[in-house]
Amino acid sequence: MGDERTLLELNPSQLRNLRNWAASDLPHRALNLELRVRHEATAAETLEALGELIRAHEGLRSRLARDEAGRLVQEVLPPEVAASAARLAELVETAEHRDDGGDDWQPVPVPPGQGALRAVLFTRAAHVVAIKLTLSHVFVDALGAQVVARHLRQLLAGDVDPGFRAPRQAGAFARSPEDPMVVRNTEHWRKALADAPRSCTYGAVRREKEELCQEAHEPLDPEEAEGMEGACKELGISPHTAWVTAMSVVASRLSGSHRQVFKVTFANRLWPADFRAVAQLAQPVFALIDGSEDDSVRERAAKTARSLASAFQHGVYDANALLDWLNSETMFNGAAFQPAFEVNYLPALGPEEAGSLRLPETDEVHLATTGVDPHSGKPELVLVVRHLPEPHLWLTARRPVITHRDAPTVLQHCLAVIRALRDRPDTGLSDLPIPAFPDSGGLLRGHRSQVAVDLRMTRSLVESAPGVDACELDPVPGADGTVRIRARLRTRGRQEPAGLLAWLRREQPWFAGSVIPDDLVI
């Protein structure tokens, strides 16, 4: 029995990631842990602790495999096979510790078809002084990585029974898209987003398949963090809610759009035992804030809290199916689906655990290249809040946001909202020192897609179609009270409306600020 092959269904979080990540990129989708060894341990003793760690967690004994039907699954190796001396020799390297602190902390590739981790032991005078542990993000999320750091420290210090097995294992979370709970939650999100805005317009640009983005990083001042915690208690909201509120207010002020869909990542850990699980469970959800231009900061925080609370119980769902549905022909409604912003809030299980997660070193402003997939639900404005254990903020912005304002300035806008929550929560959104983007006042509002439309970019979209020489756009009132856009086209040769519409649906996501006209007059 102990040597039987165990195959697990990939859960919705894993399926979402595997669809978004290129196969060649999978070995580099990893989390890097840095552990300083306080108790003197030899390499043999450290290997023994690593073996116990691997035995204890299915997530660390996993690799991607195929079942008899050829489907991708998570294979869990038996404990003694995964932690055998031969297996550890494949996974663990030893390097001499550098006294100048220049040890190589870059993550090593972890091919998920081979396993879930790699380790490097840094030694000095025959003792291990530090460990670099790189975990495959296919099998372990950021909270799971903190669990790994805590457990390994306890094993090295002798503070935990070597025979310990985690009460909740990866297999407990294995659910296919056909699982009844996954189906119910997916249907919940379809209903919740059926009438949601399709996107938020920060400006009009032609998107490229790869674009430069700006990343701004800032640690939160301890006094400011303490003041924020006090304000959250007084307002009856969580810090997570406060940061989502800040981004919602910033998006409102920059774009002039107040009814917004936002993206957050849920840890999907509901019970105490879940917080001791080593697994990949974190998954983004898309939720709606029904904001108004008349909101105060306090009122926007209350709306944000209600939105997050209603979403919390529905985090395990089929995100791939939801996004396919939102971008289907019947739901397209003139524009591809894209949330207004994203907040990824990573809490700390404890000070040491949070400090173990080694993050890339960044300057105040960092330029990076990012791939653009218009159907992936990836917004142009992203805030990551990590606790190390103090809050550290990473804001990433790409065009058209950075066409008008750089990432550090947008990050300061977020902090201005946090200070208003703390000091003047009844301040109206229009009274905050966050200027609107220059083009927001000239956008057409009221379209049935709830997108603020840039008519010039919409004209560019239509005129880029093969055979279309010119296009005139006329906004007209619709029977349902919304605005429709009528396009009068001058074309070369015969144009089939069905073929033209299919072409426009394919190209529209690459024309930020555009929509497909509701009526085409050829």
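Summarised in this report is the structure supplied together with it. (Residues numbered from 1 in each chain as written. Predicted model: local features only at pLDDT ≥ 70, side-chain atom pairs only at ≥ 80, totals over all residues. Heavy atoms only, no water.)

This paragraph deals with the overall build of the chain. Looking only at helices and strands, the chain features 15 helices and 19 strands. Here the chain has a C-alpha radius of gyration of 25 Å; the compact-globule value for 522 residues is 24 Å, and the two agree. Taking the principal axes of its C-alpha atoms as reference, the chain extends roughly 75 × 60 × 45 Å. Sorting the 522 residues of the chain into buried and exposed places 54% on the buried side. Across the chain, contacts joining residues at least 24 apart in sequence account for 77% of those joining residues at least 6 apart. On the chain, roughly 22700 Å² of surface is accessible, and the fraction owed to carbon and sulfur atoms is 49%. A gap of 5 Å separates the mean positions of the 59 positive and 72 negative side-chain charges of the chain. (Helix = DSSP H or I, 4+ residues; strand = E, 2+ residues; numbered from the N terminus. Rg over C-alpha atoms; globule rule 2.2 N^0.38 Å. Buried < 20%, exposed > 50% of the residue type's maximum accessible area, 1.4 Å probe, protein only. Contact = heavy atoms within 4.5 Å. Areas by Shrake-Rupley, 256 points an atom, 1.4 Å probe, with all protein chains shown as cover. Lys, Arg positive; Asp, Glu negative; His and termini not counted. Charge placed at Lys NZ, Arg CZ, Asp CG, Glu CD.)

A surface patch of nonpolar side chains, about 340 Å² in accessible area, is lined by Leu270, Trp271 and Phe312. Here Leu270 is to be found in the loop between strand 10 (259-266) and strand 11 (283-290). Classification of Leu270 as partly exposed rests on a relative accessible area of 42%. (Patch = residues over 30% accessible without salt bridge, like charges linked within 9 Å, V, L, I, M, F, W, Y side chains within 5 Å. Salt bridge = Lys/Arg side-chain N within 4 Å of Asp/Glu carboxyl O.)

Here the focus is the packing of aromatic side chains. In the structure shown here, the tally under the stated rule is six aromatic pairs. Ring centres of Trp105 and Phe122 lie 5.0 Å apart, and the angle between their planes is 55 degrees; this geometry places the pair in the tilted category. With a gap of 17 residues between them, Trp105 in the loop between strand 5 (92-96) and strand 6 (117-124) and Phe122 in strand 6 connect regions that are remote in the sequence. Relative accessible area serves as the criterion here: at 3%, Phe122 is assigned to the buried category. With 6.4 Å between their ring centres and 70 degrees between their planes, Tyr202 and Phe437 make a pair best called edge-to-face. Pair noted here: Tyr202 is in the loop between helix 6 (180-193) and strand 8 (205-206) and Phe437 is in the loop between helix 13 (407-423) and helix 14 (455-463), with a separation of 235 residues, a long-range link. Comparing Tyr202 with Phe437 shows no difference in burial state: the two are buried. (Phe/Tyr/Trp six-rings, centres within 6.5 Å; stacked < 30°, edge-to-face > 60°.)

Moving on, we get to unusual backbone geometry. Note that the residue after Arg399, namely Pro400, is joined by a cis bond; omega there is 0 degrees. The backbone phi angle of Ala125 is positive, close to 50 degrees, even though this residue is not glycine. Along the chain, Ala125 turns up in the loop between strand 6 and strand 7 (127-136). On the basis of relative accessible area, Ala125 is assigned to the exposed category, the value being 62%. Even without glycine at this site, Asn268 takes up a positive phi of about 55 degrees. With respect to the helices and strands, Asn268 occurs in the loop between strand 10 and strand 11.

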